[in-house]
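# Close look at the chain arrangement
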Amino acid sequence: MSPIEPFQARTNIAYFTMEIAIRPEIHSYSGGLGILAGDTARSGADLELRMVFVSLLSRAGYFRQVIDERGWQTEAPDWWEVERWCTPLHAMVAVEIDGKAVWIRPWLYRHVAPHGHEIPILLLDTDVEQNDAESRTLTHYLYGGDETYRLKQEIVLGIGGMRVLHALGFDIRTYHLNEGHAALLTVELLNRSKVQPEDLAPGEELYDIPEVRSQCVFTTHTPVEAGHDRFSYELFDRLLPGFVDLATLKRLAGAEELNMTRLALNLSDYVNGVARRHAETTALMFPGYRIHAVTNGVHLGTWAHPGFTQLYDANFPQWQHEPEALIHALQLPDDQIWDCHCAAKAELLQLVQSATGTALSPDVLVLGFARRMTGYKRPLMLFEQLDRLSAIAAKYPLQLVIAGKAHPRDTEGKEAIRRLHELARTLAGNLRCVYLPNYDMQLAARLVAGADLWVNTPLPPMEASGTSGMKAALNGVLNLSVLDGWWIEACVEGVTGWSIGADPGSAIDEKAAAAHLYDKLEHTILPLFYDNNAAWRIMMKQSIANIASFFNTHRMMRRYATEAYLR
Ligand SMILES: *Cc1c(COP(=O)(O)O)cnc(C)c1O
């Protein structure tokens, strides 16, 4: 029996994603988008949804971050043991790209939910002996290479992925496109819907567009036009000559350039943004489309620190299936919450000690900041006024733990990492600041549980949702964030956490936002932590109750299931 057989009959939804964070040992993800895909799969499996996941194998991962003594990031391939975790499937398919057949082999990862239910995750691999040396590297580097490499990867994912599902005998009713990277699957669907030319009445469409639309669900993640994946039609036509009627494609994907977001928008019946504010921003950017809002979440079982898992298990036995149960977190004993937190903090400090040699104090507030290092996240905001920061730290001790990777070609992001290292040295006499290299899901789990305060400083409206703050809240870590993305929905000032600025607009100017940040730290947050820790513990419970009960992927997947998949 083929290993895929048990899944065939009970699967009718295919989720396509460029990256997916399945487990720490599998490096097929880079950041938030991949974490979301992984949490989607984990909740999908817990809820026994009829799903298959399709992504790229990314044998060499995104990259392993190495930081030299000057703080400069260099990148090393991040190979992982494919054979240890995945099984190669016999079904191979080919896509003709740039005049040659590129063969694709799917690998199967069986994700097993805690209660035993399994779902298949297919990872596509072009590193097979049938391919030439160049094609073999196509699924090595996630987000690597140039524009041509990227378009070829998207062809492998969208068109190759469709053919793999077909070759494996899946009968799929709904395709869920996680971001525009997978949009080319719609072109394969267009071709399958093609009306025979001899049956074509004058003026009739070559393709059955309503039929394609009825099969597609599109989740967009990018709040600005410049962030959308775009390719020239010249490049597209060189790689896939005659693949699809170009006039039709231009009508669907933009007259000038092949815009993957537009293509997905025009060929999906259900489109959503990943938070309420993001759906509004998307609707303004693309007038005339109905954009739903399904706010992201995190998979609670994955992101709860073991101590908190035990505490929740003991008090709310059903919480992992029914996260709403955490609304009762106010009933948890304060000292138990605090003990769990202190254990998680001690683990983080241990990790910091072994990674950097710096001993942080368990009695001093740990401010955590970790995410992709890139311009709009504004990682330098905390250091906008060094004298102010030092003065605050002199009054109330403070220690900073920072982590994050910059894309290899994001010079601004890499420069920010260098600058952060320099600043850490400059400030050494006033406050301890450490940078932990190679931010990944394992390090993230330690950080979001072990910090006391989780800080987020994006430029509104660039943070479509954000999820790391949700992981923090689940572990009783309080959020201080610009009002953007998910935090607009979650922040109740002084109850669930704090905002930087009273509204999104007041955080646009970086200097002004930094001043708000310092004010809140100095006058509200640090005094509460040091002088009224009983009130801090109550806020921890309020944050768990109000945030974790809602901002989880079980709620998110139940919404996708009833509103998008069951149309
Ligand atoms: C959760 C997570 C992210 C997303 O963090 P944001 O702050 O929401 O951008 C990125 N990378 C890793 C490794 C994560 O675990």
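## Concerning the nonpolar core
Phe383, Leu447, Leu453 and Trp536 are the most contacted members of the largest nonpolar core, which totals 95 residues. The element best represented in this core is helix α20 (residues 510-531), accounting for nine residues. When residues of this core are assigned to domains, at least three map to each of domain 1 (17-66 + 73-197 + 207-296 + 556-565) and domain 2 (324-551). Discounting chain neighbours no more than four positions away, the residues touching tryptophan 536 are Trp338, Leu365, Asp452, Leu478, Trp498, Ile525, Leu528 and Phe529. Ranked by size, the runner-up nonpolar core spans 71 residues in total, among them Ala14, Leu122, Tyr175 and Leu252.

## Considerations on the layout of surface pockets
In this approach a probe as big as a water molecule rolls over the atoms, and the regions it shows empty are the leftover space. Counted as a void, the second largest pocket has a volume near 250 Å³. As for the second largest pocket, its lining consists of 14 residues, and the residues nearest its centre are Ile22, Arg23, Arg42, His111 and Thr302. Looking at the lining of the second largest pocket residue by residue, the class counts come to five nonpolar, six polar and three charged.

## Here we look at empty space enclosed by the protein
All chains considered together, the criterion is met by two cavities of 30 Å³ or more. By volume, the largest cavity is sized at about 40 Å³. In terms of lining residues, the largest cavity is bounded by Asp46, His299, Leu300, Gly301, Gln320, Pro323, Asn552 and His554. Considered class by class, the residues forming the lining of the largest cavity number two nonpolar, five polar and one charged. In this structure, the second largest cavity spans a volume of roughly 30 Å³. Along its surface, the second largest cavity is lined by Ile20, Ile22, Gly38, Ala41, Arg42, His111 and Ile121. Here the lining of the second largest cavity takes three residues from helix α2 (residues 32-46), the largest share from any one element. Of the residues assigned to the lining of the second largest cavity, the class counts are four nonpolar, two polar and one charged.

## Considerations on the pattern of salt bridges
Scanning the model with the defined rule gives 33 salt bridges in all. Its salt-bridge partner being lysine 414, residue glutamate 75 comes within 2.8 Å of it at the nearest N-O pair. Taken together, the positions of glutamate 75 in strand β4 (residues 73-76) and lysine 414 in helix α16 (residues 411-426) put the pair 339 residues apart, joining distant regions of the chain. With relative accessibility at 32%, the residue glutamate 75 sits in the partly exposed group.

## What about the site of the ligand?
Taken together, 14 residues form the shell around the ligand, and within it Lys377, Ala444, Thr467, Ser468 and Lys471 come nearest. At 3.2 Å from an oxygen atom of the ligand is found a side-chain nitrogen or oxygen belonging to arginine 371. Lysine 471 places a polar side-chain atom, nitrogen or oxygen, 2.6 Å from an oxygen atom of the ligand. Against a free-state accessible area of 390 Å², the protein chains account for coverage of 96% of the ligand. Elements represented by at least two residues in the shell around the ligand include exactly α2, α17 (441-450) and α18 (468-474). Classifying every residue of the shell around the ligand gives five nonpolar, five polar and four charged. When residues of the shell around the ligand are assigned to domains, at least three map to each of domain 1 (17-66 + 73-197 + 207-296 + 556-565) and domain 2 (324-551).

## Considering the environment of cysteine 342
As for its placement among the helices and strands, cysteine 342 is situated in helix α14 (residues 334-356). C-alpha of cysteine 342 to C-alpha of proline 362: the two residues are 20 residues apart in sequence and 7.8 Å apart in space.

## A closer look at the sheet that holds strand β16 (residues 398-403)
If you trace the six strands from one edge of the open sheet to the other, you get β17-β16-β15-β18-β19-β20, paired in parallel fashion. Edge positions in the sheet fall to β17 (432-436) and β20 (497-500), since each of these pairs with one other strand and no more. When strand polarity is set aside, the average angle formed by the axes of neighbouring strands in this sheet is 20°.

## Quick look at the packing of α20 against helix α21 (residues 533-548)
Put simply, α20 and α21 touch, their axes get as near as 5 Å, and they point 110° apart. As far as their axial angle goes, α21 and α20 are roughly perpendicular. Facing α20, whose interface residues are Ile525, Leu528, Phe529 and Asp531, α21 presents Asn533, Ala535, Trp536 and Met539. Looking at the contact of α20 with α21 residue by residue, the classes come out as six nonpolar, one polar and one charged.

Rules used in this analysis
- Residues numbered from 1 in each chain as written.
- Predicted model: local features only at pLDDT ≥ 70, side-chain atom pairs only at ≥ 80, totals over all residues.
- Heavy atoms only, no water.
- Core = buried A, V, L, I, M, F, W, Y, C linked by side-chain atoms within 4.5 Å.
- Buried < 20%, exposed > 50% of the residue type's maximum accessible area, 1.4 Å probe, protein only.
- Helix = DSSP H or I, 4+ residues; strand = E, 2+ residues; numbered from the N terminus.
- Domains from an automatic or database assignment.
- Contact = heavy atoms within 4.5 Å.
- 1 Å grid on protein atoms, 1.4 Å probe; cavity = no way out; pocket = protein on both sides within 12 Å on 5 of 7 lines; lining within 4 Å.
- Points joined across faces, edges and corners; volume = space filled by probe spheres on them.
- Nonpolar A, V, L, I, M, F, W, Y, C, P; charged D, E, K, R; others polar.
- Salt bridge = Lys/Arg side-chain N within 4 Å of Asp/Glu carboxyl O.
- Near = heavy atom within 4 Å.
- Polar contact = N/O pair within 3.5 Å; in protein donor to acceptor, adjacent residues only side chain to side chain.
- Areas by Shrake-Rupley, 256 points an atom, 1.4 Å probe, with all protein chains shown as cover.
- Pairing = 2+ DSSP bridges.
- Axes fitted to C-alpha atoms, helices over the stretch in contact; angles between N-to-C directions.
- Parallel < 35°, antiparallel > 145°, perpendicular 65-115°, else oblique.

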